[in-house]
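Structure at a glance
Here are the chains, one letter per residue:
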Amino acid sequence: MVLITYDVNTSSQQGVKRLARVAKICTNYGQRVQNSVFECLVDHTQFTRVKNQLMESIDTEKDSIRYYILGEKYNNRIEHVGVQRSFDLAGPLII
């Protein structure tokens, strides 16, 4: 489990586009749990891939990304209060 957080400067039209791109990349790897926070259940290869995609999408002079590596036993490291809007990433997906 990796928690990805980001802050993209949206004071310009390019920043708004970067924000949309970053959010879309993160959506491909996990679920949004806060506006700029994603929980991603990824293996090493996927983690490397998402980091590379995000690095190509941001302006490092204006934006930032943080990765919190929670590991496989992440359930004991997450506490939640309030409305639960997430799903179990490791659980079965029923369509």
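Refer to the structure above for everything that follows.
Everything in this summary refers to the structure shown in the same document. (Residues numbered from 1 in each chain as written. Predicted model: local features only at pLDDT ≥ 70, side-chain atom pairs only at ≥ 80, totals over all residues. Heavy atoms only, no water.)

1. Observations regarding the sheet that holds strand β2 (residues 30–34)
Across the sheet, 4 strands lie side by side as β2-β3-β1-β4; this open sheet has antiparallel pairing. Of all the strands in the sheet, the pair left with one neighbour each is β2 and β4 (64–69). Between one strand axis and the next, the sheet turns by 25 degrees as a mean value, whatever way the strands run. Two strands pair when backbone bridges link them, and β2 and strand β3 (residues 37–40) are joined in this way by 4 bridges, in the antiparallel orientation. What sits directly across from Gly 30, in β3, is Cys 40. Sheet strands touched by helix α2 (residues 44–57): β1 (2–7) and β4. Its angle to β4, the strand with the most contacts, is close to 170 degrees. (Pairing = 2+ DSSP bridges. Helix = DSSP H or I, 4+ residues; strand = E, 2+ residues; numbered from the N terminus. Axes fitted to C-alpha atoms, helices over the stretch in contact; angles between N-to-C directions. Contact = heavy atoms within 4.5 Å.)

2. What to know about the packing of aromatic side chains
What the rule picks out here adds up to 2 aromatic pairs. With a centroid separation of 6.2 Å and an interplanar angle of 25 degrees, the aromatic rings of Tyr 6 and Phe 38 are classed as stacked. Here Phe 38 lies in strand β3 and Tyr 6 lies in strand β1, a separation of 32 residues in the sequence. Its relative accessible area of 7% is what places Tyr 6 among the buried residues. The class for Phe 38 is buried, based on a relative accessible area of 0%. (Phe/Tyr/Trp six-rings, centres within 6.5 Å; stacked < 30°, edge-to-face > 60°. Buried < 20%, exposed > 50% of the residue type's maximum accessible area, 1.4 Å probe, protein only.)

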